[in-house]
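Report on the structure
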Amino acid sequence: IRRALNHGTNRQQLIDDVLNGAGQEVKSPLLPGFLGYDESIVPYEYSPEKARAMIEARGWVKGDDGIYKKGEQRLSFEVSTTDWDQNQKTVELLTK
């Protein structure tokens, strides 16, 4: 599911809408120039179709309400953040 979430996240939209274009898409927790940065890492492509296929391949079925379920279990996760405006905007975009 983590990989599917990565494929389903439009990073450029986050940069444009949350940071007003003043950002750079990164492919690693480490930025270029930092010890341990690995240039060979291939970033996740933005592909909602691939994300859906990956989730459905794991047995999750999209319900009439748009929420994926496996049996009676609903696919969900918690997001913890601060009340900083940019964080709130990010969460709003990620949960659409």
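Structure report, in brief. (Residues numbered from 1 in each chain as written. Predicted model: local features only at pLDDT ≥ 70, side-chain atom pairs only at ≥ 80, totals over all residues. Heavy atoms only, no water.)

Scanning the chain from terminus to terminus reveals four helices and three strands. The linear arrangement of helices and strands in the chain, starting from the amino end, is α-α-α-β-β-β-α. Its C-alpha radius of gyration of 16 Å places the chain more than 25% over the 12 Å reference for a compact globule of 96 residues. For the chain, the spread of C-alpha atoms along the three principal axes comes to 45 × 35 × 20 Å. Within the chain, residue pairs in contact and separated by at least 24 positions form 45% of the contacts whose partners lie at least 6 positions apart. Surface accessibility of the chain: about 7500 Å² in total, with carbon and sulfur atoms responsible for 51%. Computed over 13 positive and 15 negative side-chain charges, the separation of the two mean positions in the chain equals 6 Å. (Helix = DSSP H or I, 4+ residues; strand = E, 2+ residues; numbered from the N terminus. Rg over C-alpha atoms; globule rule 2.2 N^0.38 Å. Contact = heavy atoms within 4.5 Å. Areas by Shrake-Rupley, 256 points an atom, 1.4 Å probe, with all protein chains shown as cover. Lys, Arg positive; Asp, Glu negative; His and termini not counted. Charge placed at Lys NZ, Arg CZ, Asp CG, Glu CD.)

Time to look at the sheet that holds strand 3 (residues 73–74). Adjacent strands of a sheet pair through backbone hydrogen bonds, lying either parallel or antiparallel. The strand order across the open sheet formed by three strands is 1-2-3, and the pairing between neighbours is antiparallel. Each having just a single partner strand, strand 1 (61–62) and strand 3 make up the two edges of the open sheet. (Pairing = 2+ DSSP bridges.)

Right, let's talk about the nonpolar core for a bit. Formed by Ala4, Ala51, Ile55, Trp60 and Tyr68, the largest nonpolar core amounts to five residues. If near-sequence neighbours (up to four positions away) are discounted, Trp60 is found in contact with Ile1, Ile55, Tyr68, Lys69, Lys70, Gln73, Arg74 and Leu75. (Core = buried A, V, L, I, M, F, W, Y, C linked by side-chain atoms within 4.5 Å. Buried < 20%, exposed > 50% of the residue type's maximum accessible area, 1.4 Å probe, protein only.)

Below, the discussion takes up unusual backbone geometry. Phi at Asn20 takes a positive value of approximately 50°, unusual for a residue other than glycine. Among the structural elements, Asn20 can be located in the loop between helix 2 (11–18) and helix 3 (48–57).

What follows concerns the side chain of His7. The topology assignment puts His7 in helix 1 (residues 2–7). Classification of His7 as buried rests on a relative accessible area of 7%. Contacts of His7, omitting those with residues within four sequence positions, involve Tyr44, Glu45, Tyr46, Ser47, Pro48, Lys50, Ala51 and Met54.

Taken together, the side chains of Arg2, Arg3, Arg58 and Lys70 define a basic patch exposed on the protein surface. Following the sequence through the fold, Arg58 ends up in the loop between helix 3 and strand 1. Assessed through its relative accessible area of 49%, Arg58 is described here as partly exposed. (Patch = residues over 30% accessible without salt bridge, like charges linked within 9 Å, V, L, I, M, F, W, Y side chains within 5 Å. Salt bridge = Lys/Arg side-chain N within 4 Å of Asp/Glu carboxyl O.)

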